[in-house]
Structure formats: structure tokens, C-alpha cells
Amino acid sequence: MGLLDTILGRSKPVRPDLDQLFAVPSAALTLRAATGLTPTGLGSVCFAGVEGSAFARVRQDVRELLDADAGRGGVPVEFSRDAYGYTWLLARRPPEDTAALVNDLHAVNTLLQDGGFGPQLLCSLVAFRDGDGRALALVYLYKRGTFYPFAPVPGGAEKRDNRLELEVRAALGDDLRVEQDLSRWFPVWGAPGL
């Protein structure tokens with residue numbers, strides 16, 4: 001970073017640290033104890049769609065990697081596109097196997113990054129629920145290398161449970177690198193798995 005960048009207030013972007021995802025299983029234990037939220041076994045990766053044979057090849061590699069256990073009773077990975085044109089990949093694992101789910105999400109992010117599509121990666125999320133029907137996603141922001149909680153209010157209206165989000169932030173401050181800038185806690189309405 002040069003002097004001009006300092007004067008103009010520009011900063012270097014944080015280098016993504018995909019290994020931060022491996023902290024989610026232990027954070028899930030903290031989350032259960034603090035809030036009663038438990039993993040659902042669903043996780044998603046969101047990325048900007050790209051056309052071309054190189055991206056199609058990486059997408060096929062992702063599908064083959066995650067669908068490898070489908071013949072042994074595993075659930076195939078699902079791709080979908082949201083209203084904004086972003087592509088979502090939904091991975092499923094048993095709710096008690098958060099570590100395997102995180103491995104899947106890490107593998108997808110790594111394949112896309114190593115294939116040269118890191119700039120298209122937006123976020124990954126792991127879904128949680130409690131007995132009262134509250135939902136929560138721990139969202140990993142690829143470009144920031146941080147997590148934030150997203151808690152939609154049950155019922156389908158696009159409203160957030162800010163109290164729960166702040167409660168989760170306080171509970172997980174020692175477990176995850178939580179995004180400090182609340183303006184970056186973007187809603188992920190309709191995210192697959194949530």
C-alpha cells in the first residue's frame with residue numbers, strides 16, 4: 001500500500017482465508033449452548049455466474065467431488081440461480097456431521113479459487129435452527145475473510161431478527177472472526193438451505 005492509498009483512504013482487501021471455515025464445527029457447539037440453535041446439515045456457496053468452458057469444467061469437478069457418495073446413500077449437490085443472477089450450490093449432510101459439511105463447502109470454495117474464479121466467490125453459509133422455528137445462517141464473506149450471523153424472522157416476510165444476530169455475535173466472538181462492520185451484514189433472503 002502506497003502513500004497515495006493512505007491519503008485517499010484506500011486499503012488492501014483482506015486475503016481470503018478459507019481455513020476459517022474449519023472453525024464452524026466448534027462454533028456450532030458454542031452456538032447450541034448459548035442460543036439453542038443446532039445445525040441443520042445444510043450449507044451453501046454463492047458465486048457470480050460465469051460463462052465459458054473453463055467455468056463449466058470447474059462446475060463439473062465440483063459436482064463430481066460432492067456427488068461422489070451419492071451412490072452410497074449421499075444426497076447429490078444442487079445448483080440454483082437466485083433472482084439477482086447469482087449461482088448457489090446447496091450441500092447436504094446429516095445435521096450431526098457439521099465437519100463433513102464444512103469440508104464440502106471448503107472444497108467447493110477451493111476448487112473455484114484454484115480454477116481462477118476466486119473473484120466470483122461471494123459467500124458461504126451454514127444453516128441452524130432451534131425448537132422455536134428460529135433460523136440462522138453463519139455467513140462467511142469470502143472477500144472479507146469474516147463471518148456474520150443472518151437471522152430471518154420466521155414467516156416469510158423479509159425481516160431480520162437483529163436481537164438474535166447480536167446475541168450470536170457476542171456468543172461467537174471467541175470462536176469465529178466476526179465481521180465488525182455491521183453494514184456488511186448483508187441479508188441473504190431465500191438462500192438455499194436457510
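Shown above is the structure to which this text applies.
We now turn to the structure provided with this report. (Residues numbered from 1 in each chain as written. Predicted model: local features only at pLDDT ≥ 70, side-chain atom pairs only at ≥ 80, totals over all residues. Heavy atoms only, no water.)

1. A short note on the pairing of strand 3 (residues 86-92)
No. 1: Counting buried positions over the seven residues of strand 3 gives five, a clear majority of the element.
No. 2: One ladder, built from seven bridges, connects strand 1 (residues 38-48) with strand 3; its direction is antiparallel. When the bridges of strand 3 are listed, F47 appears paired with T87.
No. 3: Sheet topology note: the strand 2 (residues 78-81)/strand 3 ladder contains four bridges and is antiparallel. (Buried < 20%, exposed > 50% of the residue type's maximum accessible area, 1.4 Å probe, protein only. Helix = DSSP H or I, 4+ residues; strand = E, 2+ residues; numbered from the N terminus. Pairing = 2+ DSSP bridges.)

2. As for the packing of aromatic side chains
No. 1: Enumeration according to the criterion identifies three aromatic pairs in this entry.
No. 2: Ring centres 5.1 Å apart and planes at 75 degrees place the aromatic pair F150 and W189 in the edge-to-face group. Here F150 is found in strand 6 (residues 146-150), whereas its partner W189 is found in the segment after helix 5 (162-172), with 39 residues between them in sequence. (Phe/Tyr/Trp six-rings, centres within 6.5 Å; stacked < 30°, edge-to-face > 60°.)

3. Examining the sheet that holds strand 5 (residues 135-141)
Sheets are built from strands that pair by backbone hydrogen bonding, the pairs being arranged parallel or antiparallel.
No. 1: Sheet architecture is open: six strands sit in the order 2-3-1-4-5-6, paired in antiparallel fashion. Both edges of this open sheet fall to strand 2 and strand 6, since each of them pairs with a single strand only. Strand-to-strand twist of the sheet, defined as the mean angle between neighbouring strand axes without regard to direction, takes the value 25 degrees.
No. 2: Bridging between strand 1 and strand 4 (residues 121-129) involves seven bridges; their strand directions are antiparallel. Residue pairing for strand 4: V45 is matched across the bridge by S124.
No. 3: Most of the contacts of helix 4 (residues 98-117) go to strand 1, to which it runs at about 10 degrees, and overall it touches strand 1, strand 3 and strand 4. (Axes fitted to C-alpha atoms, helices over the stretch in contact; angles between N-to-C directions. Contact = heavy atoms within 4.5 Å.)

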